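Descriptive analysis of the structure
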Amino acid sequence: MNIVKRKKILYRKVSRFNDITVTREGDIVTLWSPRHIKQSELNISNKLEPCLEYHKHLMVSLLFCPQPNKLLVFGLGGGVVPSILHTLYPKATVVVVEIDPDILWVARQYFSFCPSETLQVITEDAFAYMRQGIKKQGKPKYDIIILDTYLGQELPVTVDNPIFFSDCAGALTANGVFAANLMTRDKRGLENRLNQLKRLFQHVWLLPGNKRGNLVVF
């Protein structure tokens, strides 16, 4: 049985980039990716507690960099992780790059996401944003960069390449951390990405998921 059908559907749209479905069951609001994969989940009675395991794992970035001043997040989803980071560090600047304007609308409408001067959303392709930023600004320095741009089980080709990973490495501060959510189903693709990251970063730490096929790489 389709898991989405067992929940109340709040919103459904096929946008230019996504097959978007939002459901609610009790206090839990879920944004689904194609192939019925949970992209974001919010407990509206406790918005500071990540529901999804890989969202919790992405927050481990703060152990490596406990006092970030500037953070960059690729992929908005429901805006759960950026919102938590913004709440924990209201004086820090959190920049979110999201290619799909419909996802931004969904995040604001159903997931209490509220952009501000220090929680910014840029509607742009992640690869183009990094390339243009380097050309215009030199290499902007971020304390934390988070990559979470999957569409279903697929990592967009624009970010699944050594150039993008290299741009991210070059955009970090001296003690900055890059955290990437990677799917484990494509073993060969995963191995290639890990090898690319190991060539770029001095230290690579893996945090596999217990419940789903997610691997967060720091």
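Above this note sits the structure.
The structure presented is a predicted model; accordingly, all values stated were derived computationally and were not measured.

Procedures and definitions
- Residues numbered from 1 in each chain as written.
- Predicted model: local features only at pLDDT ≥ 70, side-chain atom pairs only at ≥ 80, totals over all residues.
- Heavy atoms only, no water.
- Pairing = 2+ DSSP bridges.
- Helix = DSSP H or I, 4+ residues; strand = E, 2+ residues; numbered from the N terminus.
- Axes fitted to C-alpha atoms, helices over the stretch in contact; angles between N-to-C directions.
- Left-handed = near helix turned anticlockwise from the far one by under 90°.
- Contact = heavy atoms within 4.5 Å.
- Nonpolar A, V, L, I, M, F, W, Y, C, P; charged D, E, K, R; others polar.
- Polar contact = N/O pair within 3.5 Å; in protein donor to acceptor, adjacent residues only side chain to side chain.
- Core = buried A, V, L, I, M, F, W, Y, C linked by side-chain atoms within 4.5 Å.
- Buried < 20%, exposed > 50% of the residue type's maximum accessible area, 1.4 Å probe, protein only.
- Patch = residues over 30% accessible without salt bridge, like charges linked within 9 Å, V, L, I, M, F, W, Y side chains within 5 Å.
- Areas by Shrake-Rupley, 256 points an atom, 1.4 Å probe, with all protein chains shown as cover.
- Salt bridge = Lys/Arg side-chain N within 4 Å of Asp/Glu carboxyl O.
- Right-handed = clockwise from strand over helix to strand, strands pointing away.

**Looking at the sheet that holds strand E3 (residues 28-33)**
Taken together, the four strands give an open sheet; going across it, the order is E1-E2-E3-E4, and neighbouring strands pair in antiparallel fashion. Looking at the sheet topology across the chains shown, the edges are occupied by strand E1 (8-14) and strand E4 (37-43). Neighbour-to-neighbour, the strand axes of this sheet turn through a mean angle of 15°, independent of strand direction. As judged from the five bridges shared by strand E2 (residues 19-25) and E3, these two strands associate in the antiparallel manner. When the sheet's bridge partners are listed, Val22 is paired in E3 with Leu31.

**A word on the packing of helix H6 (residues 162-170) against helix H7 (residues 187-200)**
Put simply, H6 and H7 touch, their axes get as near as 10 Å, and they point 35° apart. The two elements H6 and H7 meet at a crossing, and its hand is right-handed. From H6, Pro162, Phe165 and Ser166 reach across to H7, where they touch Arg193, Gln196, Leu197 and Leu200. Considered class by class, the residues forming the contact of H6 with H7 number four nonpolar, two polar and one charged.

**Examining the environment of Arg24**
One can find Arg24 in strand E2. With 16 residues separating them along the chain, Arg24 and Lys8 place their C-alpha atoms 5.4 Å apart. Polar contacts involving the side chain of Arg24 include one to the main-chain carbonyl oxygen of Gly26, which spans 2.7 Å.

**Focus: the nonpolar core**
If you look at the biggest cluster of nonpolar residues, it comprises 38 residues, and the most contacted ones within it are Val22, Leu85, Phe111 and Ile146. Counting 28 residues, the second largest nonpolar core, distinct from the first, contains Phe74, Cys168, Ala171 and Ala180.

**Observations concerning the pairing of E4**
In terms of residue burial, E4 counts as a mostly covered element, since six of its seven residues are buried. Examined bridge by bridge, E3 and E4 share six bridges and lie antiparallel to one another. Bridge pairing in E4 links Leu31 to Ser40.

**Comments concerning a nonpolar patch on the surface**
A grouping of Leu63, Phe64 and Trp205 is seen on the molecular surface, where their side chains present a nonpolar patch of about 360 Å² in accessible area. Relative to the assigned elements, Leu63 resides in helix H2 (residues 61-64). Of the residues examined, Leu63 reaches a relative accessible area of 72% and is grouped as exposed.

**Structural notes on the sheet that holds strand E5 (residues 70-74)**
Reading across from one edge, E7-E6-E5-E8-E9-E11-E10 is the order of the seven strands in this open sheet, with mixed pairing throughout. Across the chains shown, the open sheet's two edge strands, defined by having one partner strand only, are strand E7 (119-123) and strand E10 (206-208). Geometrically, the sheet is characterised by an average inter-axis angle of 15° between neighbouring strands, direction not taken into account. Relative to strand E6 (residues 93-98), E5 runs parallel, the two sharing five bridges. Note on E6: the bridge partner recorded for Lys70 is Thr93. Contacts from H7 reach strand E9 (172-183), E10 and strand E11 (214-217) within the one sheet, and its direction differs from that of E9 by about 175°.

**Side note on the pairing of E6**
Within E6, five of the six residues are buried, which leaves the element mostly enclosed by the surrounding structure. Each parallel crossover has a hand, and the one from E5 via helix H3 (residues 80-88) to E6 is right-handed. With helix H4 (residues 101-110) bridging E6 and the parallel E7, this β-α-β connection has right-handed handedness.

**Some details on H3**
With seven of its nine residues buried, H3 lies for the most part within the structure. By the burial criterion, the buried members of H3 are Val80, Val81, Pro82, Ser83, Ile84, Leu85 and His86.

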